[in-house]
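# Structural features, examined
Listed here are the chains, written in short residue letters.
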Amino acid sequence: MAGISLRKLRKTFGTLTVVHDIDLEIADKEFIILVGPSGCGKSTTLRMIAGLEDISSGDLVIGDTIVNDVPPKNRDIAMVFQNYALYPHMTVYKNMAFGLELRHSPREIIDKKVNEAAEILDIAHLLNRRPKALSGGQRQRVALGRAMVRSPAVFLLDEPLSNLDAKLRTAMRAEITKLHRKLDATFIYVTHDQVEAMTMADRIVVMKDGHIHQVDTPQALYDRPVNMFVAGFIGAPQMNFFPVAVARGGTSVRFGDRELPLPARLSEALPPGSADRACMLGLRPEHFHERLPVDVDPAMTAEMDMEVELAEPMGAELHLNGVLGGETVIARVSPRCQARAGDRITLIADLSSAHLFDKKTEAAFGN
């Protein structure tokens, strides 16, 4: 087993570049997730690692070997596809055994590996069924089992849960995470669902328009996004943004006709000469409160009036959608809050948790 290096990896289709000279180091046995909106280049990157797409320029290195021209079957990699890609005329056993049979593995080895994988995935009772007799979750397990029996060093998973319902997706997230720990292999996983990325990954690669914007642990991405795109993409509901201008030597910002205090970590990060600099203030939905939290400095808060347009009960919390200072806002508050559509309520913004971004470059200050 070995790490994987993407060195200035580029993919073009004619004059269109879909992956732009990306650099990425993936450690041996790491669970890394490529996440981003549709068309960001994440699946193309995965297919280049698999050998299913040619590399236009740059190098793909597995261990110490450049594998740009190595056929997929010789890369010690197994791929799990979004549509499972099972053979409909074959039983579950035959689907799982097919790759080993192509390699002319001994029958006893095939039996042993298929049965071991089936036991781990809880599909041993399904081995004689065909795919049409299986649920979506069972087909997903068969696709994982087909990859497992090859005992690859690297598993590539391309949006494997996108065809499942919400409840089953949640269950399969946990199953795949446990499977990674059990198999002790490298997992490279692609999804557009940032909840999947946050709950499963050791590290997340956030992509947009064929570029990598940030690579970090889930919590670090949430706490310290490098720009507005990452800040808005990671987190559900997404971060709220307010147009502001730097005031009082960087100790506060102007929002409309009022001033909001900035925490020292943001004030100190502003470059000299930032007076009146146009910025975007970022506040996550959970940083709005109905009343002052006991662990928040009152000097770092501001009362702000919100016109509620929609109240979404979520069980453990209530999401308020509305307008605050002319900006569309989502606040995440206690389910005991009585606010409903049409109400005007006063919320307390915890500015000690705020983020600040340059309006022109969208880069973060203080991260």
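Residues numbered from 1 in each chain as written. Predicted model: local features only at pLDDT ≥ 70, side-chain atom pairs only at ≥ 80, totals over all residues. Heavy atoms only, no water.

Turning next to the overall build of the protein chain. Looking only at helices and strands, one finds nine helices and 21 strands in the protein chain. Overall size of the protein chain, expressed as C-alpha extent along the three principal axes, is 75 × 45 × 35 Å. Sequence separation of at least 24 residues holds for 66% of the intrachain contacts in the protein chain that already meet a minimum separation of 6. With an accessible surface of roughly 17200 Å², the protein chain has 49% of that area assigned to carbon and sulfur atoms. Of note, the protein chain has its 43 positive side-chain charges centred 6 Å away from the centre of its 47 negative side-chain charges. (Helix = DSSP H or I, 4+ residues; strand = E, 2+ residues; numbered from the N terminus. Contact = heavy atoms within 4.5 Å. Areas by Shrake-Rupley, 256 points an atom, 1.4 Å probe, with all protein chains shown as cover. Lys, Arg positive; Asp, Glu negative; His and termini not counted. Charge placed at Lys NZ, Arg CZ, Asp CG, Glu CD.)

Further remarks concern the pattern of salt bridges. Tallied over the entire structure, the rule returns 16 salt bridges. Bridged by salt links that share partners, the residues Lys11, Arg47 and Glu53 form one connected network. (Salt bridge = Lys/Arg side-chain N within 4 Å of Asp/Glu carboxyl O.)

With that settled, consider unusual backbone geometry. Geometrically, the link from Ala236 to Pro237 is a cis peptide bond, its omega value of -5 degrees lying close to zero. Topologically, Pro237 is positioned in the loop between helix 8 (228–233) and strand 11 (240–247). Phi at Glu159 takes a positive value of approximately 45 degrees, unusual for a residue other than glycine. Structurally, Glu159 is set in the loop between strand 7 (154–158) and helix 5 (166–183).

Turning next to the nonpolar core. Grouped together as the largest cluster of nonpolar side chains are 48 residues, with contacts concentrated most on Met96 and Ile176. The residues touching Ile176, leaving out its near neighbours within four places in the chain, are Phe31, Leu144, Leu157, Pro160, Leu161, Phe187, Tyr189 and Met200. Listed in part, the 34 residues of the second largest apolar core include Val246, Ala302, Met306 and Val329. (Core = buried A, V, L, I, M, F, W, Y, C linked by side-chain atoms within 4.5 Å. Buried < 20%, exposed > 50% of the residue type's maximum accessible area, 1.4 Å probe, protein only.)

Turning to the domain arrangement of the protein chain, a few remarks are in order. Buried accessible area, meaning the area lost when the parts come together, often serves as the stated size of an interface. Splitting the protein chain by domain gives domain 1 (4–233) and domain 2 (240–365). Centre-to-centre separation of domain 1 and domain 2, based on C-alpha positions: 38 Å. Contacts between the two partners involve ten residues from domain 1, matched on the other side by nine residues from domain 2. It is Tyr222, Met228 and Ala231 in domain 1 that bury the most area against domain 2; as a group they hold 67% of the surface buried on that side. At the boundary of domain 1 with domain 2, the tally comes to zero salt bridges. Here domain 1 is connected to domain 2 by five residue pairs in polar contact (both at pLDDT 80 or more). Among the elements of the structure, helix 7 (218–223) and helix 8 are those that each provide at least two residues to the side of domain 1 that touches domain 2. Among the residues making up the side of domain 1 that touches domain 2, the classes are represented as seven nonpolar, two polar and one charged. (Domains from an automatic or database assignment. Buried area = accessible area lost by both parts, 1.4 Å probe. Polar contact = N/O pair within 3.5 Å; in protein donor to acceptor, adjacent residues only side chain to side chain. Nonpolar A, V, L, I, M, F, W, Y, C, P; charged D, E, K, R; others polar.)

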